[in-house]
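# Coordinate inspection notes
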Amino acid sequence: MTTATDTDIEVHDPATGELVGRVRPAGPDEVDAAVARARAARDGWARTPAADRAGLVRDAAGALRAVAEELARRGETETGRPYDDGLGGVLAAAGTLEQYAELGPLHRGRSLQGSWSATDLMVPGPRGVAAVITPWNDPVAVAGGLIGAALVAGNTVVHKPSERCPHLGRRFAELVASFLPEGVLEIVDGAGPTGAALSGHAGIDLVAHVGSIAAGRAIRQAAAGTGAHVLLENGGNDALVIDDDVDPRWAAEQAALGSYANGGQVCVSVERIYCAAAVAEPFLDALAAEAARWVYRPSAAGEKALGPLVDRRHREHVHSHVAAAVDDGATVHAGGFVPDGDGAFYPATVLSGLTPAMTILREETFGPVAAVRVVEDFAQGLAEAIDDPHGLAASVLTGSMANAQRAWRELPVGTVKINAVFGGAPGGAAEPRGTSGSGFGYGPELLDEMTTTKVVHWSPLP
């Protein structure tokens, strides 16, 4: 958990409450200095051959693999993310750095068909200095993607990791920076004020942010005054729609995975579930049984890891949504209480008896809560899933080709998953909609966001 003192940010282990460490937030002068160093390195890095830039990023990926276990342990003590999940995130970051090391030199423009005597080109080039502001829930993987793409495209970077895992974020960024020329990757520590100073800085050409809707809105407003390009993945309120032709036990397994993985602290976690009435009773019974399997430090067959939430402040937010729903008549099938003892634990929770106006269905909870609304049929569930201002992702479970086709076409989100709450082929890229952000945040298309295109018309002298 994270607390602020007069000068420092204190980070506590969310499982025990013990102090992990302190960091001093960067003030405006330090942000100015970091941006100045990145701008001084900008032209040299942009002129470095793309293959050479990629080679350095590839070398950093190899070094990251060598310290993956160390970073996973740091992540567990700072954010509570279970070690195995955290290790997967670090290795995913290494893979993403390697992916962009391959894609960067291949990112190319177009030749145009002009007059015979002229040459016409569309040429991509780096935007300049990128501010990369990353979250705590998957900090290394997210930073690896954004920083890797920015670097191979020829941008220099000023990175602000989350104040909830500053030691982990700095360790990762410093490792990557150690392979790069001075100033190409700068790091600043801090919370909201540091992020605001960075995102509104006149020396920043691109702001890439993954985090809350409130922070994303503030960044967009700040960048409007500087002209910086903005790339945002904000929060989501992802729906899961369950048809009446699916096995309710299997549907419960999918719902639990989507709701409880990493304590529900995943950008594309299942936040709201619409279940057809015909299978609702066995589905809720199975889901409550699934919730009982998600525990801290599993020791029995079939149990799955559920770590603490990132801090007690966030736990208060999660429980406020649950408590408000219960006060308004919701039924608790599992969990739904703040446990005694140290740390920021919250149990896997199942709620039903929900109405569309409840906060738990209208806003992102970002915790281990399966919020179930029983609907008449798939059509009603889909209609209510669509009626939401967010637009990150959604899932549907159905054996009907017609319902699946209708769902992926009509859901106003960047990613639609059919019959699996997680997964997808490598290289896919989507744009969030609504309050969930804008721009491609991953995949080959992220290189388009990291570059700007210049048209060249070259005619001979008369």
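Look up a bit, the structure's there.
All values reported here derive from a predicted model rather than from experimental measurement.

Once that is clear, we can look at the packing of helix α2 (residues 50–66) against helix α5 (residues 139–152). For the pair α2 and α5, interaxial distance at closest approach is 9 Å and the crossing angle is 160°. Here α5 runs roughly antiparallel to α2, going by the angle between their axes. Relative to α5, the crossing made by α2 is right-handed. Contacts between α2 and α5 involve Arg53, Ala54, Val57 and Leu64 from the first element and Val140, Leu151 and Val152 from the second. Considered class by class, the residues forming the contact of α2 with α5 number six nonpolar, no polar and one charged.

Quick look at a negative patch on the surface now. The grouping of Asp244, Asp245, Glu376 and Asp377 at the surface amounts to a negative patch. Counting through the fold element by element, Asp377 comes out in the loop between β17 (369–375) and α13 (378–386).

A separate point is unusual backbone geometry. With a phi close to 50°, Arg297 is a non-glycine residue in the positive phi region. One can find Arg297 in the loop between β13 (294–295) and β14 (304–305). We note that Asn419 has phi near 65°; this positive angle belongs to a residue other than glycine. Mapped onto the elements of the fold, Asn419 is located in the loop between β19 (415–418) and β20 (437–438). On the accessibility criterion, Asn419 (32% relative accessible area) is partly exposed.

Turning our eyes to something else, we now look at the packing of helix α3 (residues 68–79) against helix α4 (residues 83–103). Two elements in contact, α3 and α4, have axes separated by 8 Å at closest approach and are oriented at 130°. One element, α3, and the other, α4, form an angle in the oblique class. Crossing of α3 against α4: the hand is right-handed. Between α3 and α4, the contacting residues are Ala68, Glu69, Leu71, Ala72, Arg73 and Glu76 on the first element and Tyr83, Gly86, Leu87, Val90 and Leu91 on the second. By residue class, the composition of the contact of α3 with α4 is seven nonpolar, one polar and three charged.

For the structure shown, the criterion picks out 19 salt bridges. With a shortest N-O distance of 3.0 Å, Arg74 and Glu70 are connected by a salt bridge. Taken together, the positions of Arg74 and Glu70, both in helix α3 and four residues apart, correspond to about one turn of that helix. Relative accessible area serves as the criterion here: at 31%, Arg74 is assigned to the partly exposed category. A salt bridge links Arg170 to Glu174; the shortest N-O distance between them is 2.8 Å. Placement of both Arg170 and Glu174 in helix α6 (residues 166–177) is noted, with a separation of four residues, approximately one turn of the helix. If you follow the salt bridges from partner to partner, you end up with Glu70, Arg74 and Arg171 in one network.

What follows is about the nonpolar core. The biggest cluster of nonpolar side chains holds 55 residues, and the ones touching the most others in it are Leu64, Leu146, Leu151, Val176 and Met450. If one sorts the elements of this core by residue count, α5 sits on top with nine residues. Excluding its chain neighbours within four sequence positions, the residues that come into contact with Leu151 are Trp45, Arg53, Val57, Val157, Val176, Leu180 and Val184. Of all hydrophobic cores here, the second largest spans 27 residues; its members include Val270, Cys275, Ala348 and Val372.

Quick look at the sheet that holds strand β16 (residues 349–352) now. What links the strands of a sheet is backbone hydrogen bonding, and the strands pair in either a parallel or an antiparallel sense. Taking strand neighbours across the sheet as the criterion, the seven strands line up as β15-β16-β17-β12-β11-β18-β19 in an open arrangement whose pairing is mixed. Bordering the open sheet on either side are β15 (331–334) and β19, each of which pairs with just one other strand. Each adjacent strand pair in this sheet contributes to an overall mean axis angle of 20°, direction not counted. Judged from the four bridges that link them, strand β11 (residues 239–242) and strand β18 (residues 393–397) form a sheet pairing that is parallel.

Next up on the list: the environment of Val35. You can see Val35 is positioned in helix α1 (residues 28–47). Between the C-alpha atoms of Val35 and Arg108, which are 73 residues apart in sequence, the distance is 28 Å. When neighbours within four sequence positions are excluded, Val35 is seen to be in contact with Val158, Leu198, His201, Gly203 and Ile204.

About the cut-offs
- Residues numbered from 1 in each chain as written.
- Predicted model: local features only at pLDDT ≥ 70, side-chain atom pairs only at ≥ 80, totals over all residues.
- Heavy atoms only, no water.
- Axes fitted to C-alpha atoms, helices over the stretch in contact; angles between N-to-C directions.
- Helix = DSSP H or I, 4+ residues; strand = E, 2+ residues; numbered from the N terminus.
- Parallel < 35°, antiparallel > 145°, perpendicular 65-115°, else oblique.
- Left-handed = near helix turned anticlockwise from the far one by under 90°.
- Contact = heavy atoms within 4.5 Å.
- Nonpolar A, V, L, I, M, F, W, Y, C, P; charged D, E, K, R; others polar.
- Patch = residues over 30% accessible without salt bridge, like charges linked within 9 Å, V, L, I, M, F, W, Y side chains within 5 Å.
- Areas by Shrake-Rupley, 256 points an atom, 1.4 Å probe, with all protein chains shown as cover.
- Salt bridge = Lys/Arg side-chain N within 4 Å of Asp/Glu carboxyl O.
- Lys, Arg positive; Asp, Glu negative; His and termini not counted.
- Charge placed at Lys NZ, Arg CZ, Asp CG, Glu CD.
- Buried < 20%, exposed > 50% of the residue type's maximum accessible area, 1.4 Å probe, protein only.
- Core = buried A, V, L, I, M, F, W, Y, C linked by side-chain atoms within 4.5 Å.
- Pairing = 2+ DSSP bridges.

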